[in-house]
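Listed below are the residues making up each chain.
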Amino acid sequence: METLSENKCFGGMQGVYRHASDACKCDMTFGLFLPEEAGDGPVPVLWYLSGLTCTHENAMVKAGAQQWAAEQGIALVFPDTSPRGAGVADHEMYNLGMGAGFYVNATEDPWAAHYRMWDYVAEELPRVIVNTFAVDEERQAICGHSMGGHGALTIAMAYPGRFASVSAFAPITHPSQSDWAKKPIHAYLGEGKVDWTRHDACLSLRANGFKGPMLIDQGTGDQFIDSLMPEALAAAITETRHAGILRMQGGYDHSYFFVSTFMEDHVAFHAEALYG
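All values derive from a computational prediction rather than experimental measurement.

**A short note on helix α3 (residues 117–132)**
Line of reasoning, step 1. Its maximal kink placed at Glu124, α3 deviates by approximately 35°, while the proline Pro126 follows within four residues.
Line of reasoning, step 2. Buried residues of α3: Met117, Trp118, Tyr120, Val121, Ala122, Glu124, Leu125, Pro126, Val128 and Ile129, and no others.

This is the structure:
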C-alpha cells in the first residue's frame, strides 16, 4: 500500500492510496475518507462508485460528501472506474476502455486481461480496506452515479445482506434495453453471452430483490435520460413492491452540480440504515 496523499478534512482524513491489484493485474488507486471517529475504532463505510470518464478523484473533490460523512461518522470509499497504466487496453470511445469499466468482469479480448472491475470493487478492494483501515466490515452501504449507479445497484442486489442500503444518482437502470449502455457491455462480455439478470438493475431487482431501502435521484434535465431509462426502474420497484424511492428532480442535469445538491440527502439516508 502506497500513500499518495493525506489531507485533514472536516476533522477526519482524506487519503489517496495505490496498491497492486490481483484482480486487475495492475496498480489501482482509490480515495478513502475516514472521519474523526475512526481514531477510536472501526466506522461504517459508504462506497461511492463513479461514472464514465471519472477517476477516484472526481467525486472525492466535487461531490461534497466528506462534510456530511463527517457529521455522521461514516467512512467514504472512492474506487477508480477502470484499470489503468501501460499495457492496459483502451479505446477511442469514451464509454469503453479506461474510465469506463462498467463494473463487470470482462471475458472478451483485449479487455479480459485487466478489466475485472466487479471482482475488484466487490471482492478485492473491500478486503484491502478492512484489513488496512479502521472500517467496519459488517456495516456497509453503497452509492453511485450514472455508470456507477448501475454498478452500485447490481452489486448490492448480487450480495444479499452485505449492504444496509443502496442509492444512486441518475443510474443506468436497464442496459439490456439501452443501446448506448448495451454496446460496451457486449464488448466486455460478448454479444449473446451477458447474464443480464446480474448486470441489469431492473432485471436483478425482479429476480433477486434487495432487502434494504433504496433511494434514486434523477434530474429531468439530464441529457442522457432517454438512455438511463428511470421509468424502467420505477416500474420494477412498483412491480416488486420494493421499499424504494425514486425522485425526479426538476431541471437538474447529469453533472456533479446535481450530485452535490442532493449528496446530503443520500448520506443521511445511508446513515439511518447503517446505524438503524
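**Here we look at the pairing of strand β3 (residues 26–34)**
Line of reasoning, step 1. Of all nine residues making up β3, eight are buried, and the element is well covered by its neighbours.
Line of reasoning, step 2. Where strand β2 (residues 12–21) meets β3, nine bridges bridge the pair, whose relative direction is antiparallel. Bridged to Met13 within β3 is Leu34.
Line of reasoning, step 3. Relative to strand β5 (residues 75–79), β3 runs antiparallel, the two sharing four bridges.

**A look at the UniProt feature "active site" (unreviewed entry) in the protein chain**
Line of reasoning, step 1. According to UniProt, the feature "active site" (unreviewed entry) maps to Ser146, Asp222 and His254 in the numbering used here. In three dimensions, the annotated residues from a span of 109 residues occupy one location, with a maximal C-alpha spread of 10.7 Å. Considered against the largest pocket, the annotated residues that line it turn out to be Ser146 and His254.
Line of reasoning, step 2. By the secondary structure assignment, Ser146 is in the loop between β6 (135–145) and α4 (147–158).
Line of reasoning, step 3. Beyond its immediate chain neighbours, meaning those up to four positions away, Ser146 contacts Gly51, Phe169, Ala170, Pro171, Ile172 and His254.
Line of reasoning, step 4. Of note, His254 is situated in the loop between β9 (244–249) and α10 (256–275).
Line of reasoning, step 5. Apart from residues no more than four positions distant in its own chain, His254 is found in contact with His145, Ser146, Ala170, Asp222, Gln223, Phe224 and Leu228.

**Topic: helix α5 (residues 179–189)**
Line of reasoning, step 1. If you check which residues of α5 are buried, you get Trp180, Ala181, Pro184, Ile185, His186, Tyr188 and Leu189.
Line of reasoning, step 2. Buried-residue contacts for α5 involve α4, α6 (196–199) and α8 (225–228).
Line of reasoning, step 3. Within two residues after α5, Gly190 carries a phi angle of roughly 95°, on the positive side.

**As for the sheet that holds strand β8 (residues 214–219)**
Two orientations exist for strands paired in a sheet by backbone hydrogen bonds: parallel and antiparallel.
Line of reasoning, step 1. The nine strands lie next to each other as β1-β2-β3-β5-β4-β6-β7-β8-β9, forming an open sheet whose pairing is mixed. Of all the strands in the sheet, the pair left with one neighbour each is β1 (2–9) and β9. Shown here is a sheet whose adjacent strand axes are inclined to one another by a mean of 20°, direction ignored.
Line of reasoning, step 2. Across seven bridges, β1 lies against β2 in antiparallel orientation. Counted as the bridge partner of Thr3 is Tyr17 from β2.

Criteria and cut-off values
Residues numbered from 1 in each chain as written. Predicted model: local features only at pLDDT ≥ 70, side-chain atom pairs only at ≥ 80, totals over all residues. Heavy atoms only, no water. Bend = angle between axes of the 7 residues up to and from the residue. Helix = DSSP H or I, 4+ residues; strand = E, 2+ residues; numbered from the N terminus. Buried < 20%, exposed > 50% of the residue type's maximum accessible area, 1.4 Å probe, protein only. Pairing = 2+ DSSP bridges. UniProt positions renumbered as here; feature names shortened; annotations may be inferred. 1 Å grid on protein atoms, 1.4 Å probe; cavity = no way out; pocket = protein on both sides within 12 Å on 5 of 7 lines; lining within 4 Å. Contact = heavy atoms within 4.5 Å. Axes fitted to C-alpha atoms, helices over the stretch in contact; angles between N-to-C directions.

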